[in-house]
Amino acid sequence: MKSSRTLGLVMIAPAAIMIILFFLMPVVLTAVFSMTSMTTATGISGGVYQIAPNSLIALKSAIPDIAAEMAEPRYTIDEAGLKAVEGLGLAPGIAGELRAKHAGEVFTARRDVERMLKDLADRPSTRDVKQISEQFNRSVLNTRFDSKEQLFSALDGLGFKLTPEQKETVAKATYTGWVWTTDNFSRMTTSPDMARVLLNTVLYVALVLMLFNVGYALLLAIWTHYMPPTPASIFRGIWLLPRITPVVIYVMLWKWLAWDTGFISILMGKFGYPPKNYLLDNAYNAWFFVVLINGFIGASMGMLVFSSAMKAIPKSQFYASEVDGASRWQQIRYIILPQMRWPILFVTCYQTLSLLASFNEILLATNGGPGNATEVWALSAYHTALRNYAGNLEYGLGAAMALVLVVIGVMLSLLYLRVFNYGTLVAKPLIED
């Protein structure tokens, strides 16, 4: 018994490893990234502290007076500046007097430091005053600091006296790296654009699932079930073409059909209609083609599953119903459909998860257009994290959107199991030994 158990564990180990590596780990990493503020700007490693124009904009709303002062240069009489003055070849007493009387002083405006220079014993000329003052010009703007301590040390050196709360505000606004945060989920719940994308996703999944992946697929399966074997096989093979055709070629065929130089425009031109891009002409047309493009692919899989399930129904049931005078509709209603609950559950669950995560066909056909009318959640997550027009890829927000899809998929799967009474489907048959 022990050896059998060990052998079973060894046999199942590769499958367990595959599940962990290719399902659990991506989900865990997605959850981890969703709790960060990672973007192209922050990078995926640690950042630095930099008072840049964008951080000054953020600071102006919190500490406007200090932000305005940070944007302007200050003049500090420090040792580096004094040595630079000595190298100008001016009167030697100028640098000495500055070191003795004014070392460490900070001036907030150029006119103040120039007024001080004109009061020196060896009064420099106006041209020299300009040259000397420039040696003490100091600013933290666009300077990179590796730590908060270096940043605040530089600010202290320029005469900025910040409270602990102000320091925390400055540190948060000037940090260029990523941080742990839950803001991604807050943005999703408050953004009207996200609400529209979610509505698009619900519409997309519901239409394709009900009309094609389950509804039309079941109709095709029933239709071919009553056809002779050879024509039925040929018909099923034809319906498999959308699934086995490379997606780029498949979508290009649809574009050729709907473009302003495509078949529809040529045909409608015969009746006096000007050519136009029916695929992107308006939102209604775009949705019509998106549903058809994805529906024909999904219907082929459902057709195969349902056809196989119907072949498993004992032929004796159909023969007996015919003897009793049952019509085709009565056979479908009382023999086929009651025994299709398990296949319908499988196709519904699988295709729902597939539609939630799929966006390749929409990306190639409309890219979410026109005007984001066909932007679904998975495509929006792709645009957010990996490709957008703004250029700043938001990895954290994209991961949070992907995590939402995982949660929705799990919840819908549990709901389907409840609706289809999964416990009854897998229960042991009530047959006595």
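Residues numbered from 1 in each chain as written. Predicted model: local features only at pLDDT ≥ 70, side-chain atom pairs only at ≥ 80, totals over all residues. Heavy atoms only, no water.

This next bit is on the overall build of the chain. Within the chain one finds 22 helices and five strands. Across its three principal axes, the chain shows a C-alpha extent of roughly 125 × 80 × 35 Å. (Helix = DSSP H or I, 4+ residues; strand = E, 2+ residues; numbered from the N terminus.)

Looking along the chain, the bond that leaves Gly369 and enters Pro370 is cis, with omega of -5 degrees. When you line up the elements, Pro370 lands in the loop between helix H19 (360–365) and helix H20 (377–385). At Asn142, a residue that is not glycine, the phi angle is positive and equals roughly 65 degrees. Along the polypeptide, Asn142 turns up in the loop between strand E4 (137–138) and strand E5 (144–145). In this structure, Asn372 takes a positive phi of about 65 degrees despite not being glycine. Structurally, the position occupied by Asn372 is in the loop between H19 and H20.

Considering all chains together, one arrives at 15 aromatic pairs under this definition. Summarising the aromatic geometry, the rings of Tyr216 and Trp239 are spaced 5.3 Å apart at their centres and angled 65 degrees between planes, so their arrangement reads as edge-to-face. Of this pair, Tyr216 sits in helix H11 (residues 192–225) while Trp239 sits in helix H12 (residues 229–244), and the two are 23 residues apart along the sequence. The interplanar angle of 85 degrees and the centroid separation of 5.5 Å between the aromatic rings of Trp239 and Phe296 together place this pair among those described as edge-to-face. Linking Trp239 in helix H12 with Phe296 in helix H15 (residues 283–311), this pair joins segments that are 57 residues apart in sequence. The class for Trp239 is buried, based on a relative accessible area of 14%. A relative accessible area of 23% means that Phe296 is categorised as partly exposed. Through a chain of ring-to-ring contacts, three or more aromatic side chains come together here, namely Phe212, Tyr216, Trp223, Phe235, Trp239, Tyr250, Trp254, Phe288, Phe289 and Phe296. Positioned over the ring face of Phe160 is Arg74, at 4.0 Å from the centre of the ring. The ring of Phe152 has Lys167 sitting right over it, with the charged end atom 5.4 Å from the ring centre. (Phe/Tyr/Trp six-rings, centres within 6.5 Å; stacked < 30°, edge-to-face > 60°. Buried < 20%, exposed > 50% of the residue type's maximum accessible area, 1.4 Å probe, protein only. Lys NZ or Arg CZ within 6 Å of the ring centre and 35° of its normal.)

Following the UniProt record, one finds the feature "transmembrane region" (unreviewed entry) at residues 7–33, 202–226, 247–266, 286–306, 342–359 and 395–417. Taken end to end, residues 202–226 comprises 96% helix and 0% strand; its first and last C-alpha atoms sit 34 Å apart. The distance separating the terminal C-alpha atoms of residues 342–359 is 27 Å; by composition the span is 89% helix and 0% strand. (UniProt positions renumbered as here; feature names shortened; annotations may be inferred.)

Moving on, we get to the domain arrangement of the chain. Taken domain by domain, the chain holds domain 1 (74–138) and domain 2 (191–393). Using only C-alpha atoms to locate each centre, domain 1 and domain 2 end up separated by 78 Å. (Domains from an automatic or database assignment.)

The next point concerns the side chain of Glu375. In this structure, Glu375 sits in the loop between H19 and H20. Within the buried set, Glu375 has no salt-bridge partner at all; the shortest N-O distance to an opposite charge, 9.2 Å, is to Arg196. The residues touching Glu375, leaving out its near neighbours within four places in the chain, are Val197, Asn200, Asn367, Gly368, Ser380 and His383. (Lys, Arg positive; Asp, Glu negative; His and termini not counted. Salt bridge = Lys/Arg side-chain N within 4 Å of Asp/Glu carboxyl O. Contact = heavy atoms within 4.5 Å.)

When two helices pack together, you describe them by how their axes are tilted relative to each other and by the distance separating the axes. Contact pair helix H18 (residues 341–357) / helix H21 (residues 395–419): the axes reach a minimum separation of 10 Å and the direction vectors enclose 165 degrees. Here H21 runs roughly antiparallel to H18, going by the angle between their axes. The crossing of H18 and H21 is right-handed. Note on element contacts: H21 touches H18 through Leu405, Ile408, Gly409, Leu412, Ser413, Tyr416 and Leu417, opposite Leu345, Thr348, Cys349, Thr352, Leu353 and Leu356. (Axes fitted to C-alpha atoms, helices over the stretch in contact; angles between N-to-C directions. Parallel < 35°, antiparallel > 145°, perpendicular 65-115°, else oblique. Left-handed = near helix turned anticlockwise from the far one by under 90°.)

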